[in-house]
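# Topology and contacts: notes
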Amino acid sequence: MGDHDTVRVRLRAALRADDPWTALYVLSTDRPAGLAQAVEELYRSDADRAAFRPHLAWFLRSLGEPGDAVLLRLFAEPAFAAADRQDLLRATVARGLRLPAELLRAYGQEGPASSGSDARADGPAAPELVDAMGLSGDPSFAPRLGALLEIPAARGRAALALGRLGAREWTVPIAGRLSEVTGLDHTAFAVALELMDDPAAVPHLLRWLAESGEERVYDVHHALVRLTGRDPLLPELSRGAGYAAAVRAAWADGRTERTPAVVRDLVVESGARARFSVDGGAGRIRVAFDPPSPGSSWPRWDRSLIFDDKPLYRVGSLCDTCELSLTLLGWPADEATGIAARMRGRLADLDRLDAALLAEWSPVLGELKTGHYRALLLDLPLERVTQPAQSWWYRRAEARAQEDDDDSQYGEDRPEGHWPGVAHFQLTAPVAGGRVPFTYGALLPSQPPEALDPSTVARHAAAIAAGERPAAVVLGWIDDRYVEARHEERWLVGAVLDGHHRLAAYATAGVPARVLLLARVGEGGGADGGLEGLEEVAAAYGRRD
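Residues numbered from 1 in each chain as written. Predicted model: local features only at pLDDT ≥ 70, side-chain atom pairs only at ≥ 80, totals over all residues. Heavy atoms only, no water.

## What about the environment of Ala223?
- Positionally, Ala223 belongs in helix α14 (residues 217-228).
- For Ala223 and Leu193, which are 30 residues apart along the polypeptide, the C-alpha to C-alpha distance reads 7.1 Å.
- Residues within four places of Ala223 in sequence aside, it is in contact with Ala190, Glu194 and Leu205. (Helix = DSSP H or I, 4+ residues; strand = E, 2+ residues; numbered from the N terminus. Contact = heavy atoms within 4.5 Å.)

Right under this line is the structure:
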């Protein structure tokens, strides 16, 4: 049996398994050569397509570029039935692929469409087609999408599609309809205006902010910050009516120009703890929402850690019953990684925090996102982990299985599926003594680990052996989860801004690493940080006088 035949046999075996979704996931992680071709052959077989169609279309989405090419070829063939083409179009949308306009027009005439009282003859309302038109890059779809703004069942999706097209002639009509929509549709309209990146929306947003209900203020504030670049400081940990009042007050004078960053309210609580606020922060290093995923019903969902507008790690959603996962997306430019290097002179042997030191670092701190911060000087017991099975990202799954006395859920799970994609540093054990049963810790690099210079690591190791304590600078936060509404879990997560060589030297020496942790405690919706978790980390690892 040739290699191609072997791949087809394995594919059919996975599709016929008791749990085909898990079996296909396992097959996709092995990724044998010719897998996408084998899927295409089965899809073109009437019998196989009838038996496995939903699985095959989903599986193509998981195969990356080889699967993309197959999806585009299959969708371009009109011979398939409407339900087959619908599956294919949904898969192409989920992959964010651009399809030719003529194919989409043909689909609108022949494929499935929304039905019921919300369907209209002046434009197709099939959700996958609305998304595909927004991805097409073809401005001729804008009038048809604009008509869907009048249809309650389609308006949010249509607004996002117009935003993806960059159809700025619809900026004002979308902004003017903010008062007509609520819930996810209101969020979709605000995100659509952010995608437009059109200053024409700003006056409408300011007017609507003064009139909108408390539950809609966050969306408007977020859009104003994105469109103007002005990011005013709000009260720490404000919520509900207090948050809404603070946002309205911050924009009440109508100012939209960006102002220089100011570090204020600096308080040194001890040699190991301080607090400060950044007003008008440059936000060069920040956690921010990703553009909405095509096909998703959630306009704001995934987030990424951003360095100079380039995503470094995907951080995942704010869903507190989903597990935390970080995924490497790409490395920032050298200029971005050099931001914290301006602090390096005082990091050579950092023994305590003081007001003069933090004031000296104000230009660097101003590069962060607007907000309220805690600075903690910690001695963290770290190890360098290079294998997925060694990392807390995977070992937590084993801990959950032991807690449930059931490992069946993780029997087919592979360590690679939990791995952030890069060697990193982690706490040698979960934080002891906290309220949450498991508080894990991971510090991820902001530059390729293979770029570390052995001689520099050795120089720091010698200094550590001599009793010096050079410090690394980490931008971090506390992430609390209640995974599957069963497992309470907490993470100390950080991105190394400066000090990769120092951390490597500490890990090699087995000496707790001196770390200056800068953690933002946010306000309003989607706050970063967690004061309880930071207190527990400080109690366990705070630098002792």
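## Looking at the packing of aromatic side chains
- Here the structure, examined in full by the defined rule, presents 10 aromatic pairs.
- Ring plane angle 45 degrees and centroid distance 5.2 Å describe the contact between Tyr440 and Trp491, whose orientation is recorded as tilted. Note that Tyr440 is positioned in strand β10 (residues 438-444) and Trp491 in strand β12 (residues 487-498), a separation of 51 residues in sequence.
- Looking at Tyr440, the relative accessible area reads 2%, which means it is buried.
- In textbook terms, an aromatic cluster arises when at least three aromatic residues are bridged by ring pairs, as seen for Trp392, Trp393, Phe438, Tyr440 and Trp491.
- Its end group placed over the ring of Trp251, Arg230 keeps NZ or CZ at 4.9 Å from the ring centre.
- It is Arg300 that lies over the ring of Phe289; its NZ or CZ is 5.9 Å from the centre. (Phe/Tyr/Trp six-rings, centres within 6.5 Å; stacked < 30°, edge-to-face > 60°. Buried < 20%, exposed > 50% of the residue type's maximum accessible area, 1.4 Å probe, protein only. Lys NZ or Arg CZ within 6 Å of the ring centre and 35° of its normal.)

## Some details on the pairing of strand β13 (residues 513-521)
- Taking burial as the measure, the 9 residues of β13 include 9 buried ones, the bulk of the element.
- Sheet topology places strand β7 (residues 371-380) next to β13; 9 bridges connect them, and they run antiparallel. Within β13, the residue paired with Arg374 across the bridge is Ala519.
- Both strand β11 (residues 472-483) and β13 contribute to a ladder of 5 bridges, which runs parallel. (Pairing = 2+ DSSP bridges.)

## A short note on unusual backbone geometry
- At Asp197, a residue that is not glycine, the phi angle is positive and equals roughly 55 degrees.
- Mapped onto the elements of the fold, Asp197 is located in the loop between α12 (183-196) and α13 (202-211).
- A residue is classified by how much of its surface remains accessible, and Asp197, at 44% relative accessible area, is partly exposed.
- Positive phi, close to 65 degrees, is recorded for Asp309, a residue that is not glycine.

## Things to note about the packing of α14 against helix α15 (residues 240-251)
- Interaxial distance between α14 and α15 falls to 10 Å at its minimum, and their mutual angle equals 30 degrees. Every pair of crossing elements has a handedness; the one defined by α14 and α15 is left-handed. On α15, the residues touching Val217, Tyr218, His221, Leu224, Val225 and Thr228 of α14 are Tyr243, Ala244, Val247, Arg248 and Trp251.
- Partitioning the contact of α14 with α15 into residue classes produces 8 nonpolar, 2 polar and 1 charged. (Axes fitted to C-alpha atoms, helices over the stretch in contact; angles between N-to-C directions. Left-handed = near helix turned anticlockwise from the far one by under 90°. Nonpolar A, V, L, I, M, F, W, Y, C, P; charged D, E, K, R; others polar.)

## Quick word on the sheet that holds β13
- A sheet is described by the order of its strands in space; here 9 strands give the open sequence β1-β2-β7-β13-β11-β12-β10-β9-β8, paired in mixed fashion. The two strands at the open ends of the sheet, each matched to only one other strand, are β1 (262-270) and β8 (382-385). With strand direction ignored, the average angle separating the axes of adjacent strands in the sheet is 30 degrees.
- With 4 bridges joining them, β8 and strand β9 (residues 424-427) adopt antiparallel strand pairing. Bridge pairing in β9 links Glu383 to Gln426.

## Things to note about the environment of Glu488
- In this structure, Glu488 sits in strand β12.
- Residues Glu488 and Val70, 418 residues apart in the sequence, show an inter-C-alpha distance of 42 Å.
- For Glu488, the residues in contact, after removing those within four places along its chain, are Arg435, Val436, Pro437, Phe438, Arg481 and Tyr482.
- Reaching out from Glu488, the side chain makes a polar contact with the side chain of Arg435 at a distance of 2.7 Å. (Polar contact = N/O pair within 3.5 Å; in protein donor to acceptor, adjacent residues only side chain to side chain.)

## Description of the sheet that holds strand β6 (residues 327-328)
- Taken in spatial order, the 4 strands line up as β3-β4-β5-β6 in an open sheet, and their pairing is antiparallel. The sheet is open, and its two borders are formed by β3 (285-289) and β6, each paired with just one other strand.
- As paired strands, strand β5 (residues 310-316) and β6 are joined by 2 bridges and run antiparallel to one another. Paired with Tyr313 across the bridge in β6 is Leu328.

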